[in-house]
Amino acid sequence: MTDEAPEAPGETAAHEAAAEPAVPAALGIVRTPTGHAAVDAHLERLADADHLAADGHVEVYEDVHRGLREALTALDAPPASPAPSASPGPRPYENRS
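Criteria and thresholds
Residues numbered from 1 in each chain as written. Predicted model: local features only at pLDDT ≥ 70, side-chain atom pairs only at ≥ 80, totals over all residues. Heavy atoms only, no water. Helix = DSSP H or I, 4+ residues; strand = E, 2+ residues; numbered from the N terminus. Expected span 1.5 Å × (residues − 1). Buried < 20%, exposed > 50% of the residue type's maximum accessible area, 1.4 Å probe, protein only. Contact = heavy atoms within 4.5 Å. pLDDT = per-residue confidence, 0-100. Lys, Arg positive; Asp, Glu negative; His and termini not counted. Salt bridge = Lys/Arg side-chain N within 4 Å of Asp/Glu carboxyl O. Axes fitted to C-alpha atoms, helices over the stretch in contact; angles between N-to-C directions. Parallel < 35°, antiparallel > 145°, perpendicular 65-115°, else oblique.

A. Summary view of helix α3 (residues 54-76). The end-to-end C-alpha distance of α3 is 34 Å, a good match for the 33 Å that 23 residues give at a rise of 1.5 Å each. Those residues of α3 not exposed but buried are Gly-56, Val-60, Val-64, Gly-67 and Ala-71. Residues of α3 that are buried make contact with α2 (37-45).

B. Looking closely at the confidence of the model for the protein. For the protein, per-residue confidence averages 77 on the pLDDT scale, and 63% of positions sit at 70 or higher. When pLDDT is averaged over each element of the protein, α3 comes out on top at 91 and helix α1 (residues 9-19) at the bottom at 59.

C. Inspection of the side chain of Asp-40 at higher detail. Mapping Asp-40 onto the fold places it in helix α2. No salt bridge is formed by the buried Asp-40; its nearest oppositely charged neighbour, Arg-31, is found at 9.7 Å.

D. Just the packing of α2 against α3, in detail. Viewed as axis vectors pointing N to C, α2 and α3 meet at an angle of 170 degrees, and their least axial separation amounts to 9 Å. Put simply, α2 runs roughly antiparallel to α3. Contacts from Val-39, His-42, Leu-43 and Arg-45 in α2 reach Val-60, Asp-63, Val-64, Gly-67, Leu-68 and Ala-71 in α3.

E. Representation of the environment of Thr-32. When you line up the elements, Thr-32 lands in the loop between α1 and α2. Since its relative accessible area comes to 60%, Thr-32 is described here as exposed.

F. Summary view of the side chain of Asp-50. By the secondary structure assignment, Asp-50 is in the loop between α2 and α3. The buried charged residue Asp-50 lacks any salt bridge partner; its closest oppositely charged side chain belongs to Arg-31, at an N-O distance of 4.0 Å. Apart from residues no more than four positions distant in its own chain, Asp-50 is found in contact with Pro-24, Ala-25, Ala-26, Leu-27 and Arg-31.

See below:
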């Protein structure tokens, strides 16, 4: 004799359905644009994970993380100095007559 209550007929089907892996489904998260094209492209890549099984998410997340890290690193880089012009224009304060 056991202390467990007998299962209702509908509960058996629920337990069997819970044992099967769930089908990948989109989470429906809205991604707000940041205004930086490179960052927005990487964030859009996250949508690829919506259609993959959980074991495929890691590759997408690592790819997005790598891209975002590169974009942030590029922001820290010093700006490139402008190339010298071939024909300098008149210089102020050098008016020799």
